[in-house]
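One-letter residues, chain by chain:
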Amino acid sequence: MIRIDSVTKRYPDGTVAVDRLSLEIPDRSITVLVGPSGCGKTTTLRMINRMVEPTEGTILLDGEDVQRQPVTTLRRSMGYVIQNAGLFQHRTIADNIATVPRMLGWGKRRARERAAELMERVGLDAALAGRYPYQLSGGQQQRVGVARALAADPPVLLMDEPFSAVDPVVRKGLQDELLRLQDELGKTIVFVTHDIDEAVKLGTMVAVLREGGRLAQYAPPADLLSHPADAFVEDFLGADRGIRRLSFFPSDALELTTDAVVSADAPAERLAASDAPYLLVTDADGRPLGWRERGSGGDRLLSYGRPFRPGTDSLRAALDCAVLSPTGWAVAVDADGRVTGVVSQQTIGEAIRAAHTQAAPDPDADAARGEDEKVAG
Ligand SMILES: Nc1ncnc2c1ncn2[C@@H]1O[C@H](COP(=O)(O)OP(=O)(O)OP(=O)(O)O)[C@@H](O)[C@H]1O
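Before going into details, it helps to say that this report is about the structure given with it. Each chain has its residues counted from 1, following the order in which its sequence is written. In keeping with the predicted nature of the model, local features appear solely for residues at pLDDT of at least 70, side-chain atom pairs appear and are counted solely at 80 or more, and the whole-chain, interface and lining totals rest on all residues.

## What to know about unusual backbone geometry
Operational definition: Buried means a residue has 20 or more other C-beta atoms within 10 Å of its own C-beta, exposed means 12 or fewer, and partly exposed covers the counts in between; C-beta atoms are placed from the backbone.
Phi is positive for Arg50, close to 65°, though the residue is something other than glycine. Judged by the 17 C-beta atoms lying within 10 Å of it, Arg50 falls in the partly exposed class.

Following this line, the structure appears as structure tokens:
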């Protein structure tokens, strides 16, 4: 939908912010531009809606050169969200959200209804509608920023470090919310961040830029983690690359066992009969209570840690549960929190090896990717 074709931006003082950048931004997905400070992310984003004009190259939207489109029409098709939300401080939350619909000539009532609908969509309490931005938390303001950008239902959303100014917990909530919203709305989102974890979590495609505004790599996040194009990308991805990549593998193929799971009200012989070193004890509803060490007297139970949900959680989550568990076994539960089985670190290790083998790319595909990268770079 958006095609950036050999675009360069040289500012009047001679700074080359973006250097011959080419990217195909797929329709209805999140494409993340990531890289160190000053590598040209914001400049690239602003060239898409023509807040900055390229020095060379073209940007096509649905096959049409954005330079040939009137700026107002272009910007109406693109919501824009920035860090700290950039809200109008003297307008209420509802009026902030209704800004673009009102500009487009919508009646007051319709605009207000739209604002209410969007507040619900982005998880804001309707009671906040009459407040002013300073009366909201940073995270709430950021949600208003997203709602405002979505108000006229533009097909494209440009987001420039939208979640950078909030604390990590709020940030995670906003990221989850964006993914949920995107599932519902299917916008074409271009998202700028300097945080590689955010990029890997949100992006369908991730473009890593390096200083001087050059493209270092453009790939889906799992490929980025498994095959960084060079030392710069590898360094930028940081530590724990292997572990982080496990987030892209599902945990539902893990072989669970119920041999070591017993109900607290099971007869004592059942506990004694098992030769497992640890037994997971559940309550009458099948929810986990803790681990009992074989041969240990009394009712003392070891913590079962945090369980994982096969089908929803990744192999990374399952491994984390096993690593955190005092027994080395992870506990699997269903949506109601009832135990469906347990799995050892060793079994998880085998599943990881199998996942890596399945995911190993064939050499031809690798060679093709190398060519693409050369073209893109
Ligand atoms: N109006 C301008 N005039 C001159 N140079 C500029 C201008 N705007 C940006 N630059 C320079 O262009 C380069 C790229 O800036 P840009 O803001 O696009 O980077 P960025 O990757 O978004 O950075 P950050 O992560 O710090 O926001 C930087 O060296 C910056 O100093």
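That covers the picture; the talk isn't over yet.
## Thoughts on the nonpolar core
How we decide: Connectivity within a nonpolar core runs through C-beta atoms within 7 Å, and the core itself is a set of buried Ala, Val, Leu, Ile, Met, Phe, Trp, Tyr and Cys residues. Residues are defined as contacting one another if the C-beta atoms placed from their backbone atoms lie within 7 Å.
Within the largest apolar cluster, 69 residues are counted, with the highest numbers of intra-cluster contacts made by Val32, Ile97, Ala147, Leu158, Val206 and Ala207. Setting aside chain neighbours within four positions, we find Ile97 in contact with Ala115, Leu118, Met119, Val144, Ala147, Arg148 and Ala151. By size, the runner-up hydrophobic cluster in this structure holds 26 residues, among which are Trp291, Leu315, Ala318 and Ala322.

## Details of the site of the ligand
Applicable threshold: Any residue whose C-beta atom, as placed from the backbone, lies within 6 Å of a molecule or strand is termed near it. To qualify as a helix, a DSSP run of H or I must reach at least 4 residues; to qualify as a strand, a run of E must reach at least 2; elements of each kind are numbered from the N terminus. Here the nonpolar group is Ala, Val, Leu, Ile, Met, Phe, Trp, Tyr, Cys and Pro; Asp, Glu, Lys and Arg are the charged ones; every other residue, Gly included, is treated as polar.
With respect to spatial proximity, 13 residues lie near the ligand, and among them Tyr11, Ala17, Ser37, Thr42 and Thr43 are the closest. Per-element tally for the shell around the ligand: the top contributor is helix α1 (residues 41-48), with 3 residues. In terms of residue class, the shell around the ligand is built from 3 nonpolar, 8 polar and 2 charged.

## Brief notes about the sheet that holds strand β1 (residues 2-10)
Rules: In short, DSSP must find at least two bridges between two strands for them to pair.
If you trace the 4 strands from one edge of the open sheet to the other, you get β2-β1-β4-β5, paired in antiparallel fashion. Strand pairing shows two members of the sheet lacking a second neighbour, β2 (16-25) and β5 (64-65), which therefore form its edges. Here 5 bridges tie β1 to strand β4 (residues 56-61), and the two strands are oriented antiparallel to one another. Among the inter-strand pairings, Ile4 is bridged to a residue of β4, identified as Ile59.

## Thoughts on helix α5 (residues 108-121)
Cut-off, in case you're wondering: Between the first and last residue of a helix there are one fewer steps than residues, each counted as 1.5 Å, and that sum is the expected span. Taken from the helix axis, the directions to the C-beta atoms give the arc we talk about.
Compared with an ideal rise of 1.5 Å per residue, which puts 14 residues at 20 Å, α5 spans 20 Å between its outermost C-alpha atoms and is within 8% of the ideal. When α5 is considered as a whole, its buried residues turn out to be Ala111, Arg114, Ala115, Leu118 and Met119. Along the long axis of α5, the arc covered by the buried residues comes to 140°, so they all point the same way. Along α5, exposed side chains directed more than 90 degrees from the buried face belong to Arg109, Arg110 and Glu120. Packed against the buried residues of α5 are α3 (93-97), α4 (99-103) and α6 (138-150).

Geometry only, nothing functional implied.
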